[in-house]
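Structural description and commentary
Given next are the chains, with one letter for each unit.
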Amino acid sequence: MKYYELKLDNTNFIEAPTLIDWYGIQDVRLIKWETYHKLKNRLVYRINPTEKIVFTDIISFPFLLVSPLVRSVIKMYGDKVVFKEVILLSAEKDFEEVYYLPIMEESDQINMLYVKKDQNYIQQAKKPEWVGERNIFWVKKNGKRHTIINLDLAESLLRRNAVGLELKEVFLTQI
């Protein structure tokens, strides 16, 4: 199975929503499987008001946020993912948009290597045991969280014309 890191395409979607003053609203250290129950069920964040804002289907900074479209696709696959509702609000421009904060399981025992276009990794017969049948999960590498999805989920998102996705193929190994 092929796996991809999922994040916002910052190159082509520079007008994506940018959260402002996000650090005082919720302790981001609680965004993990063990402590998600301490998060509020609905959060409101202000976004930078811009004239030509493009509401992408994913926001990857300062934490992962997904649109209702992406949420519905993730739910179709039946993974253990909890969603908290997030309202993005721009009082200056008088609009709001609903997103969801997904919380899923995470491993720091998986190494990920980016696959380059001219490089072919021999797919190992056995993927890391922890991955199992997961379609979406987090990998923690060098203190940073990476959202990883499998090929099936990536294709489902692309077939539905999800906007703003950047997919980088990764090779997963057990540490």
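What about the overall build of the protein chain?
- Helix and strand counts for the protein chain stand at two helices and twelve strands.
- Counted from the first residue to the last, the protein chain has its helices and strands arranged as β-β-β-β-β-α-β-β-β-β-β-β-α-β.
- Expected size for 175 residues packed as a compact globule is a radius of gyration near 16 Å; at 16 Å, the protein chain falls within 12% of this value.
- In terms of its C-alpha atoms, the protein chain occupies a principal-axis envelope of roughly 55 × 35 × 30 Å.
- Relative to its full complement of 175 residues, the protein chain shows a buried share of 42%.

Some points on the pattern of salt bridges
- A full pass over the atoms with the stated rule returns seven salt bridges.
- Where Asp-27 meets Arg-29, a salt bridge forms, and the shortest distance between an N and an O atom there is 2.9 Å.
- Overall, Asp-27 belongs to the partly exposed group, its relative accessible area being 30%.
- With a relative accessible area of 62%, Arg-29 lands in the exposed category.

Focus on the packing of aromatic side chains
- For the coordinates displayed, the defined rule picks out eight aromatic pairs.
- With centroids separated by 5.6 Å and ring planes inclined at 55 degrees, the aromatic side chains of Tyr-45 and Phe-63 adopt a geometry described as tilted. Here Tyr-45, found in strand S3 (residues 42-47), pairs with Phe-63, found in the loop between strand S4 (58-59) and strand S5 (65-66); they are 18 residues apart in sequence, far enough to count as distant. Accessibility classification places Tyr-45 together with Phe-63 in one group, the buried group.
- Feature note: the residues Trp-22, Tyr-45, Phe-61 and Phe-63 constitute an aromatic cluster, connected by ring pairs.
- The ring of Phe-83 is capped by Arg-71, whose NZ or CZ atom sits 5.5 Å from the centre of that ring.
- Across the ring face of Trp-130, the terminal group of Arg-134 is positioned such that the distance to the ring centre comes to 3.9 Å.

Things to note about the sheet that holds strand S11 (residues 144-150)
- The sheet built from six strands is open, its strands ordered S8-S10-S11-S1-S12-S9 with mixed pairing. Looking at strand neighbours, the two that pair on one side only are strand S8 (106-107) and strand S9 (110-114), the edges of this open sheet.

Description of the packing of helix H1 (residues 68-76) against helix H2 (residues 151-159)
- Two elements in contact, H1 and H2, have axes whose closest approach is 10 Å; the angle formed by their N-to-C orientations is 140 degrees. The way H1 lies across H2 gives a crossing that is right-handed. Contacts between H1 and H2 pair Val-70, Val-73 and Ile-74 from the former with Leu-153, Ser-156 and Leu-157 from the latter.
- Residue classes in the contact of H1 with H2 are distributed as five nonpolar, one polar and no charged.

About the thresholds
Residues numbered from 1 in each chain as written. Predicted model: local features only at pLDDT ≥ 70, side-chain atom pairs only at ≥ 80, totals over all residues. Heavy atoms only, no water. Helix = DSSP H or I, 4+ residues; strand = E, 2+ residues; numbered from the N terminus. Rg over C-alpha atoms; globule rule 2.2 N^0.38 Å. Buried < 20%, exposed > 50% of the residue type's maximum accessible area, 1.4 Å probe, protein only. Salt bridge = Lys/Arg side-chain N within 4 Å of Asp/Glu carboxyl O. Phe/Tyr/Trp six-rings, centres within 6.5 Å; stacked < 30°, edge-to-face > 60°. Lys NZ or Arg CZ within 6 Å of the ring centre and 35° of its normal. Pairing = 2+ DSSP bridges. Axes fitted to C-alpha atoms, helices over the stretch in contact; angles between N-to-C directions. Left-handed = near helix turned anticlockwise from the far one by under 90°. Contact = heavy atoms within 4.5 Å. Nonpolar A, V, L, I, M, F, W, Y, C, P; charged D, E, K, R; others polar.

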